[in-house]
Amino acid sequence: MAKRYDVIIIGGGHNGLVTAAYLARAGKQVLVLERRPRVGGAAVTEEIFPGFKFSMFSYVVSLLRPEIIRDLDLPRHGLHILPLESTVTPMENGDYLAAWSDHDDTRRELYRHSPRDAEAYDEYGRLMHFMAQAVKPILGMVPPDPTSFAPGDLAALLRLGKHFRGLGAERLHALVKLMTMSSADFLDEWFETDVLKATKSASGIIGTFLGPRSPGTAYVLLHHYMGELDGVFRAWGFAKGGTGAVSESIASAARAFGAEIRCDAGVTKVLVRGERATGVVLEDGTEIPASTVVSSLDPRRTFLQLVDARHLPSEFVADITRFKFRGSSGKVNIALAGLPTFTCMPDGAGGKLHRGAVSISPSMEYVERAYDDAKYGEFSRRPYMDIVFPSVIDPGMAPPGKHVMSIFVQYAPYRLNGGWTDAKREAFGDAVVNTVESFAPGFKSLILHRQVITPVDIERITGLSEGNIFAGELALQQLFFLRPAPGWAKFATPLRGYYQAGSGTHPGGGIMGASGRLAALRILKDSA
Amino acid sequence: MSLRNTPFHARTGPLSEGQAWRRWAGYVVASSYELSHEREYHAIRNAAALFDVSPLYKYLVSGRDAARLLDHVVTRNVGKAKVGQVLYTPWCDGEGKQIDDGTISVLDERTFRMTAADPTLRWLYLNSSGLEVSIEDVSERTAALSLQGPSSREILQIAAQRDLAGLKYFRHTSAQIRGIPVTISRTGYTGDLGFEVWVDAAHAVPLWDALMEAGTPYGITPAGMLALDVARIEAGLLLIEVDYFSSRHALIESQKSSPLELGLGWTVATDKERYNGQAALEAERRRGPSWQFTGLAVDWDSLEQLYAAVGLPPRVPSQAWRVSVPVFDPGGRQVGYATSGGWSPLLKQYMALVHLESSSASPGTQLRMEITVEHRRKQATARVTPLPFFNPGRKRA
């Protein structure tokens, strides 16, 4: 008979690890089971090409909840977040738009494009700051069920109502706009510079199968604005050692609290006895019993694969079946012999260009057309890209003088016409590389190695269904008390003793850890 | 990417002995040219100090409805102002909370130059809907020098080769200095006799040279922001983001102020048509503002005693400070806060600019201001003093 655990956590992604750390901290006997040889899920660092380390999937950190960093003392476990300070958008006419870390520099740069936008930018920033502040408390709360009359739900709804009333009319109106508009329409209300709107709107489409003109994308804009580091909103950073180092630091904290983490240990089934989860079955057939089982996988795997549908209410199964994944992004990781030179800024602004992000979003039309390709089942011929050079900020990522380049690419639809093949993957990689080459001639000659990741690869390697990077689209109908299904947004599931903790639950998305933490708190409350 | 130099940098750069620069609206300007700002301060009150004030935001507002636009934006009555006049004025949001303050020069019936501490282009545009007006940001192409002090008029008269006795306080005139067309306004930020000279940025350096040459026999002294800060506190002139927050930057309601709360009630016109914040300001005037902005003079004897208690002679700050310092009534209740303060070398007085609840703000009221003496928080007695602390007759004469 195997050792008995209080809690088994399926999946050693960052959320699963956060759940494990919090539960172990509370004195539970915790076992994390990870299918791959290393923890991290989509937040992993791997040496894909000798000497070159890549944050293979997720590549920047911003939303990691500050309370998790404090509670788990992550800096002591190796977490070091380095600032990512600027964004440069090369334009097709050879010009560029830059947002620098210094306010005066940014203002002067925007002024070059539009004096009015230079001022609107500050006001927009202030509004988004308020909006982020308004939405922030929601990220840390268990979503109440608006249809429930349970005292806990009513109290939470009341608090929420008060919170929104306290925002004041002006901000409440802005919030409603953000919740309903497309990012393009929302940005049109603020700015006249096309390239500025294009670059801003890009953060409204990340991880969704929507274009900048699709309603609802304004909220995703805000979701990305909520990035917060050291109490500063809109701060994005690199984890030293890549995003895998974030996972490793959480794993280290979890182990320090007494959690056991086992890799190469894929779970095939959740054991159910007497309509209650009683343990798991590993790929090799081993059964491990536990009083509580937590899945940090996405909702489809959690409910449709690990558990037999007959243990779940059929309406719930139908809801989960309808839950949208629609992976739309890919990733190209490149080992470079040197840094590419962009036509728009040959001197790289004295090194600042490569220390920040390069956004390939030269115009609204460009981004919308990239979506058009995807809408009809093709990858974007000229895709939106978010490019960073992690080795410039963290030299340990590549051999001296050499560099790693991370290209987040959208759109690459999971359901490609005719399906993804090796040839299609390489064609997609070529489209990415050729597009970069058009803004940075000579780039191709610097490439030592390239790794092209399609949504199908994301699904195959990390297990994220349809390769959706948020474990389910960040669409309004799939958020808060609707994530992943109405009535089941509070980390419990219809199966007793079975909990959900991944990004497919509220609040979802990004290396945030909030889902994992809230799930742990819920489990502790239920077991108290 | 670095901060920008002003058009005078070819001259001001080499003058800087300690490379002490400060940011101002995306530019660098001298904190002080010499290692101490003391002599620069005394030049303001004793001879003439020359300041580079080019970073100010400047807008040219022109067209048939230019006065209408400005009248809608600011609280002073622009329509009534005459050509040649300069108005100091705040402007407010719809709730009567102050956004910024600056000046408006009436260049002709249809042309106005507006100065502002913050970028204001978008705000002017937002208010110009339906009006026939053109708004031009001339911040970069207009350079400006401020010549302040008792000798400033004589120096300018020599440089411009004309009599300026007729140029009254807050008036401006066109002139030529060594063939360079300039506008001279009798304005400044020191509360002294003084002028500001506006010039096309291309002529900046020759203008500097002309003024320095004409002024050398009179003790003209290039001066930086540290000296200016002392003088503006003596003059009771408030500074945005220091003494008040722009309502557009405030994060919470209590960070906002109305002109009536900032001692600028005199700038809020009662004789003009609708303008931003009018209803709120009129209502506030009727019920009386809850806050007052005024001076506070720290009692020397009290200061001396606090230091004597730890065995030290009294100390005064060597530079003006810009932090929030609590102010209490004699019973120990906090009734306000100081936002700027410092030692006046001229008046030999420790002065502060304070926001006080109206009930504690009448001149002469005895209060206490927090002073840190040898790492410990103490309270020195202080007296409410009307602004300005220093108001020489030559300012308007």
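Here is what the cut-offs are and how they apply
Residues numbered from 1 in each chain as written. Chains lettered and ligands numbered in written order. Predicted model: local features only at pLDDT ≥ 70, side-chain atom pairs only at ≥ 80, totals over all residues. Heavy atoms only, no water. Helix = DSSP H or I, 4+ residues; strand = E, 2+ residues; numbered from the N terminus. Rg over C-alpha atoms; globule rule 2.2 N^0.38 Å. Buried < 20%, exposed > 50% of the residue type's maximum accessible area, 1.4 Å probe, protein only. Contact = heavy atoms within 4.5 Å. Lys, Arg positive; Asp, Glu negative; His and termini not counted. Charge placed at Lys NZ, Arg CZ, Asp CG, Glu CD. Pairing = 2+ DSSP bridges. Axes fitted to C-alpha atoms, helices over the stretch in contact; angles between N-to-C directions. Salt bridge = Lys/Arg side-chain N within 4 Å of Asp/Glu carboxyl O. Polar contact = N/O pair within 3.5 Å; in protein donor to acceptor, adjacent residues only side chain to side chain. Buried area = accessible area lost by both parts, 1.4 Å probe. Domains from an automatic or database assignment. Core = buried A, V, L, I, M, F, W, Y, C linked by side-chain atoms within 4.5 Å. Phe/Tyr/Trp six-rings, centres within 6.5 Å; stacked < 30°, edge-to-face > 60°. Lys NZ or Arg CZ within 6 Å of the ring centre and 35° of its normal.

Participant: Hey, could you run me through the overall build of chain B in this one?
Facilitator: Regarding its fold elements, chain B presents nine helices and 20 strands. Over its C-alpha trace chain B gives a radius of gyration of 21 Å, about what one expects of a compact globule, namely 21 Å for 397 residues. Put simply, chain B has 397 residues, and 57% of those count as buried. When contacts within chain B are restricted to residue pairs at least 6 apart in sequence, those whose partners lie at least 24 apart make up 66%. Put simply, chain B has 43 plus and 42 minus side-chain charges, and the middle of one group is 2 Å from the middle of the other.

Participant: What exactly am I supposed to notice about the pairing of strand β7 (residues 98-108) of chain B here?
Facilitator: For a regular strand, the rule is simple: side chains alternate between the two faces of the sheet. Residue and element names in this part refer to chain B. Most of β7 is tucked away, with nine of its eleven residues classed as buried. Across seven bridges, strand β6 (residues 86-92) lies against β7 in antiparallel orientation. Bridging across to β7, Y88 finds its partner in T103. A loop of five residues connects β6 with β7, the two strands running antiparallel in sequence, and G96 in this loop sits at a positive phi of about 75°. Across four bridges, β7 lies against strand β8 (residues 111-116) in antiparallel orientation. Within β8, the residue paired with S105 across the bridge is R113.

Participant: It is not clear to me how the sheet that holds strand β12 (residues 180-185) of chain B should be interpreted in this structure. Could you clarify?
Facilitator: What links the strands of a sheet is backbone hydrogen bonding, and the strands pair in either a parallel or an antiparallel sense. Residues and elements named next belong to chain B. Taken together, six strands build an open sheet; the order of strands is β11-β12-β13-β10-β4-β14 and the sheet is mixed. Each end of this open sheet is capped by a strand with a single partner; those strands are β11 (172-177) and β14 (220-222). Ignoring which end each strand starts from, the neighbouring axes of this sheet average 25° apart. By the bridge criterion, four bridges tie strand β4 (residues 48-52) to strand β10 (residues 142-148) in an arrangement that is antiparallel. Residue pairing for β10: L50 is matched across the bridge by L147. Across the sheet, helix α5 (residues 152-160) lies against β4, β10, β11, β12, β13 (194-200) and β14, angled at about 55° from β11, the strand it touches most.

Participant: What should I look at first to understand the environment of D93(B) in this one?
Facilitator: Residue and element names in this part refer to chain B. With respect to the helices and strands, D93 occurs in the loop between β6 and β7. Sequence separation between D93 and V74 is 19 residues, and the spatial gap between their C-alpha atoms is 9.7 Å. Beyond its immediate stretch of four places on either side in the chain, D93 contacts I99, W123, S247, N276 and G277.

Participant: I tried to follow the side chain of D117(A) on my own but got confused; where do I start?
Facilitator: Relative to the assigned elements, D117(A) resides in helix α4 (residues 115-139). In this structure D117(A) is buried but unpaired, with R122(B) as the nearest side chain of opposite charge at 6.1 Å. A distance of 2.6 Å separates a polar atom in the side chain of D117(A) from a polar atom in the side chain of T193(A). Apart from the residues lying within four places of it in its own chain, the contact partners of D117(A) are L110(A), W190(A), F191(A), E192(A), T193(A) and L196(A).

Participant: Even after reading the chapter, I still don't get the interface of chain B and chain A, so can you show me in this structure?
Facilitator: How big an interface is tends to be stated in terms of accessible area lost as the parts join. Listed as interface residues are 22 residues of chain B and, on the opposing side, 19 residues of chain A. For the pair chain B and chain A, the two sides together bury roughly 1,800 Å², of which 45% comes from carbon and sulfur. Our enumeration of links across chain B and chain A arrives at four salt bridges. The closest approach of N and O atoms between R248(B) and E123(A), which form a salt bridge, is 2.7 Å.

Participant: When you look at the domain arrangement of chain A in this model, what are you seeing that I'm missing?
Facilitator: All names here are of chain A. With domains assigned, chain A is organised as domain 1 (5-43 + 56-81 + 241-324 + 475-527) and domain 2 (122-229). For domain 1 and domain 2, the distance between their C-alpha centroids amounts to 26 Å. Each side of the interface is counted separately: domain 1 has 23 residues, and domain 2 has 20 residues. Buried surface at the junction of domain 1 and domain 2, both sides included, amounts to about 1,800 Å², of which 71% is carbon and sulfur. Summed over the shared surface of domain 1 and domain 2, the result is zero salt bridges. Where domain 1 packs against domain 2, one counts zero residue pairs in polar contact (both at pLDDT 80 or more). By residue number, the principal contributor to the side of domain 1 that touches domain 2 is helix α18 (residues 514-527), which donates three residues.

Participant: Mind showing me how you'd approach the environment of D122(A) here?
Facilitator: Residue and element names in this part refer to chain A. Position of D122 relative to the elements: it lies in helix α4. Residue classification places D122 among the partly exposed positions, given a relative accessible area of 30%. Along the primary structure D122 and H223 are separated by 101 residues, whereas in three dimensions their C-alpha atoms are 19 Å apart.

Participant: Could you clarify how one ought to interpret the nonpolar core in this entry?
Facilitator: Across soluble globular proteins, nonpolar side chains have a tendency to be buried as a group. All names here are of chain A. Ranked by size, the top nonpolar core spans 96 residues in total, and within it Y124, F186, L222, I387, M405 and I407 carry the most contacts. At eleven residues, the largest contribution of residues to this core is made by α4. Three or more residues apiece are contributed to this core by two domains, here domain 1 (5-43 + 56-81 + 241-324 + 475-527) and domain 2 (122-229). Those residues within four positions of Y124 in sequence are excluded, and the remaining contacts are F186, L187, W190, F191, K200, L221 and Y225.

Participant: Would you mind showing me how to read the pattern of salt bridges here?
Facilitator: Oppositely charged side chains may form a pair once their charged atoms are brought near each other. Residues and elements named next belong to chain A. Applying the stated criterion to the full structure yields 54 salt bridges over all chains. In this structure, D457 engages R460 in a salt bridge whose closest nitrogen and oxygen atoms are separated by 3.0 Å. Of this pair, D457 and R460 both sit in helix α17 (residues 455-462), three residues apart, which is roughly one turn of that helix. Under the relative-accessibility criterion, R460 is labelled exposed at 52%. Here the salt bridges share partners, and the residues they tie into one network are D422, R425, D457 and R460.

Participant: Mind showing me how you'd approach the packing of aromatic side chains here?
Facilitator: What describes a pair of aromatic rings is the distance from one ring centre to the other and the angle between the planes of the rings. All names here are of chain A. Per the counting criterion, the structure on display carries 20 aromatic pairs over all chains. On the basis of an interplanar angle of 90° and a centroid distance of 4.8 Å, the ring pair of F303 and F316 is categorised as edge-to-face. Placement of F303 in helix α11 (residues 299-305) and of F316 in helix α12 (residues 314-322) is noted, with a sequence separation of 13 residues between them. When sorted by exposure, F303 lands in the same class as F316, which is buried. The interplanar angle of 75° and the centroid separation of 6.0 Å between the aromatic rings of F316 and W488 together place this pair among those described as edge-to-face. Of this pair, F316 sits in helix α12 while W488 is found in the loop between α17 and β20 (498-500), placing the two residues 172 residues apart along the sequence. A relative accessible area of 3% places F316 in the buried class. R171 extends its terminal NZ or CZ atom over the ring of F130, reaching a point 3.4 Å from the ring centre.

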